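# Summary of the model geometry
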Amino acid sequence: EKETDLSVAGAIETGNLLHRVMEKIVTAECTDRVLDRLFENGEIDSIRRTDWKEKIHRLISQPEMAPWFSKDAIVRTEAGIYDAQGNYYKPDRVSITSEGTAVIDYKTGKPYPEHIHQIKQYALLLESMGYSNIQPYILYLDQGLLKAV
């Protein structure tokens, strides 16, 4: 049972670290620099750095996601937003391109219904702020799965 607890804790720690990496990546060109910095700080080893570079590059270069990580996109990562009632929200990534406004929430682990509710809430909030053509997505990082909501 202890081993299972440790493997779950390890998976959560890895998921949190991967989430942090994605927060720091503004454009695709930033990916190597972000991972190199984590390696230099001793937060990841060389094997994970190489593995994540390949996986993240493959993930964010997919046709649907590439515009969100291009130099032409206006990007906000982890930018806090208050609603009219004073509630605080923090979408992981908002990318504004010529195609619209993508709001992306990064997740690891199993999909839960709350994930869908959360990203829909972000989309409604952005709409109330005057953004148009809002495209909400959940990106399950560990599975490389992009889910349109």
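Look a little higher up for the structure.
Residues numbered from 1 in each chain as written. Predicted model: local features only at pLDDT ≥ 70, side-chain atom pairs only at ≥ 80, totals over all residues. Heavy atoms only, no water.

## Structural notes on the pattern of salt bridges
- Under the defined criterion, the tally for this structure stands at seven salt bridges.
- The salt bridge involving Lys53 is made with Asp36; its shortest N-O contact spans 2.8 Å. On the criterion of sequence distance, the pair formed by Lys53 in helix α3 (residues 46-60) and Asp36 in helix α2 (residues 31-40) is long-range, its members being 17 residues apart.
- Of the charged contacts in the structure, one is a salt bridge between Lys55 and Asp51, with a shortest N-O distance of 3.3 Å. Of this pair, Lys55 and Asp51 both sit in helix α3, four residues apart, which is roughly one turn of the helix. (Salt bridge = Lys/Arg side-chain N within 4 Å of Asp/Glu carboxyl O. Helix = DSSP H or I, 4+ residues; strand = E, 2+ residues; numbered from the N terminus.)

## Here we look at the packing of α2 against α3
- The geometry of α2 relative to α3 is characterised by a closest axis approach of 10 Å and an angle of 160° between their N-to-C directions. Put simply, α2 runs roughly antiparallel to α3. Note on packing geometry: the crossing formed by α2 with α3 is right-handed. Each of Thr31, Asp32, Leu35, Asp36 and Phe39 in α2 lies in contact with α3, whose residues at this interface are Ser46, Arg49, Trp52, Lys53, Ile56, His57 and Ile60.
- Taken together, the residues that form the contact of α2 with α3 break down as five nonpolar, three polar and four charged. (Axes fitted to C-alpha atoms, helices over the stretch in contact; angles between N-to-C directions. Parallel < 35°, antiparallel > 145°, perpendicular 65-115°, else oblique. Left-handed = near helix turned anticlockwise from the far one by under 90°. Contact = heavy atoms within 4.5 Å. Nonpolar A, V, L, I, M, F, W, Y, C, P; charged D, E, K, R; others polar.)

## Digging into the nonpolar core
- The biggest cluster of nonpolar side chains holds 24 residues, and the ones touching the most others in it are Val21, Met22, Ile25, Trp52, Ile56, Trp68 and Leu139.
- Mapped onto this core, the elements with two or more residues apiece are α1 (2-24), α2, α3, β5 (100-107) and β6 (134-140).
- Apart from residues no more than four positions distant in its own chain, Ile25 is found in contact with Cys30, Thr31, Val34, Ile56, Ile60, Phe69, Thr77 and Arg93.
- Membership of the second largest hydrophobic core comes to 12 residues, among which are Ile81, Val94, Ile138 and Tyr140. (Core = buried A, V, L, I, M, F, W, Y, C linked by side-chain atoms within 4.5 Å. Buried < 20%, exposed > 50% of the residue type's maximum accessible area, 1.4 Å probe, protein only.)

## Quick notes on the layout of surface pockets
- One number sums up the size of the largest pocket: a volume of about 330 Å³.
- Around the largest pocket, the lining comprises 17 residues; the ones closest to its centre are Leu18, Lys55, Leu141, Asp142 and Gln143.
- Of all elements in the fold, only α1 and α3 reach the threshold of two or more residues within the lining of the largest pocket.
- For the lining of the largest pocket, the element with the most residues is α1, which contributes six residues.
- Considered class by class, the residues forming the lining of the largest pocket number eight nonpolar, six polar and three charged. (1 Å grid on protein atoms, 1.4 Å probe; cavity = no way out; pocket = protein on both sides within 12 Å on 5 of 7 lines; lining within 4 Å. Points joined across faces, edges and corners; volume = space filled by probe spheres on them.)

## Section: the pairing of β5
- For β5, the tally of buried residues reaches eight of eight residues, placing the bulk of the element in the interior.
- Between strand β4 (residues 93-97) and β5, which pair antiparallel and follow one another directly, the connecting turn spans two residues.
- The pairing of β5 with β6 spans seven bridges and is parallel. Looking across to β6, one finds that Thr101 is bridged to Ile134. (Pairing = 2+ DSSP bridges.)

## Observations concerning the environment of Val103
- Its location among the elements puts Val103 in strand β5.
- Exposure remark for Val103: the relative accessible area of 0% places this residue in the buried category.
- Separated by 34 residues in sequence, Val103 and Tyr137 place their C-alpha atoms 6.2 Å apart.
- Once residues within four sequence positions are removed from consideration, Val103 is found in contact with Pro91, Arg93, Val94, Ile119, Tyr122, Ala123, Leu126, Ile134, Gln135, Pro136 and Tyr137.

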